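Residue-level structure breakdown
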Amino acid sequence: ATVKEFFEYVRQIIASTDDGHNLMKEAFSCQRWDQNLQLDPLVKLNNLSSQNEWNEQKGFRDIAYGVASALRNPLAHQPADRAFIQSRYGDKRKALKVLCFLSLLFEKVDERVP
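Rules used in this analysis
Residues numbered from 1 in each chain as written. Predicted model: local features only at pLDDT ≥ 70, side-chain atom pairs only at ≥ 80, totals over all residues. Heavy atoms only, no water. Core = buried A, V, L, I, M, F, W, Y, C linked by side-chain atoms within 4.5 Å. Buried < 20%, exposed > 50% of the residue type's maximum accessible area, 1.4 Å probe, protein only. Helix = DSSP H or I, 4+ residues; strand = E, 2+ residues; numbered from the N terminus. Contact = heavy atoms within 4.5 Å. pLDDT = per-residue confidence, 0-100. Axes fitted to C-alpha atoms, helices over the stretch in contact; angles between N-to-C directions. Parallel < 35°, antiparallel > 145°, perpendicular 65-115°, else oblique. Polar contact = N/O pair within 3.5 Å; in protein donor to acceptor, adjacent residues only side chain to side chain.

1. Points about the nonpolar core
For soluble globular proteins, the rule of thumb is that nonpolar side chains tend to be buried together. Formed by 21 residues in total, the largest nonpolar core has its most connected members in F6, F7, M24 and F28. Elements with a minimum of two residues in this core: α1 (2-14), α2 (20-28), α3 (51-76) and α5 (92-110). With six residues, α3 is the single largest residue contributor to this core. For M24, the contacting residues outside a window of four places in its chain are F6, F7, V10, S29, A64 and Y65.

And the structure:
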């Protein structure tokens, strides 16, 4: 549910109707794939004034892609099966780690630059 909230948060920021990988690509990408140009992303996480800052942006873009695959898709594409959820996130410490990780993504987006 937290991943879905993160996607909705990003969707509202960039006024998009996309979801999953397409949404993360639209929000965080550092280039326009069809023209191979490097442009400011819609969700700019820093000033992009150095190679390190571009690398950070790309890294968080990749993390956001990973969230779509690793955390959202298994639950979004399966029936709401309590046994499946228990097997994946039943350990309270594991669930807390996932929530902390997602909290970091929310925080990075909150701290974005105009």
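Alright, that's what it looks like, and here's the rest.
2. Let's talk about unusual backbone geometry
Negative phi is the rule for most residues except glycine; trans is the rule for most peptide bonds. Phi angles above zero are rare outside glycine, and A15 is one such case at about 55 degrees. In this fold, A15 is placed in the loop between α1 and α2. Here A15 falls in the exposed class, since its relative accessible area comes to 71%. At L48, a residue that is not glycine, the phi angle is positive and equals roughly 55 degrees. Following the sequence through the fold, L48 ends up in the loop between β2 (37-38) and α3. On the accessibility criterion, L48 (8% relative accessible area) is buried.

3. Concerning the confidence of the model for the chain
For the chain, per-residue confidence averages 83 on the pLDDT scale, and residues scoring 70 or more make up 78% of the total. Of all secondary-structure elements in the chain, the lowest mean pLDDT belongs to strand β1 (residues 31-32), at 58, while α1 reaches the highest, 93.

4. Quick notes on the packing of α1 against α5
Interaxial distance between α1 and α5 falls to 10 Å at its minimum, and their mutual angle equals 10 degrees. One way to sum up the angle between α1 and α5 is to call them roughly parallel. Where α1 abuts α5, its residues T2, V3, E5, F6, Y9 and I13 lie against L99, L102, L105, F106, V109 and D110.

5. Comments concerning the environment of A27
Its place among the elements puts A27 in helix α2. The class of A27 is buried, set by a relative accessible area of 0%. Spatially, the C-alpha atom of A27 lies 8.8 Å from that of I13, the residues being 14 residues apart in sequence. The contacts of A27, once residues within four sequence positions are left out, are V10, I14, P41, L42 and V43.

6. What to know about the side chain of R11
Tracing the sequence through the fold places R11 in helix α1. In this structure R11 comes out as buried when scored by relative accessible area, which is 15%. Side chain to side chain, R11 and E8 meet in a polar contact 2.4 Å long. Within the structure, R11 has its side chain in polar contact with the backbone oxygen of D18 (distance 2.8 Å). Setting aside chain neighbours within four positions, we find R11 in contact with S16, T17, D18, D19 and L23.

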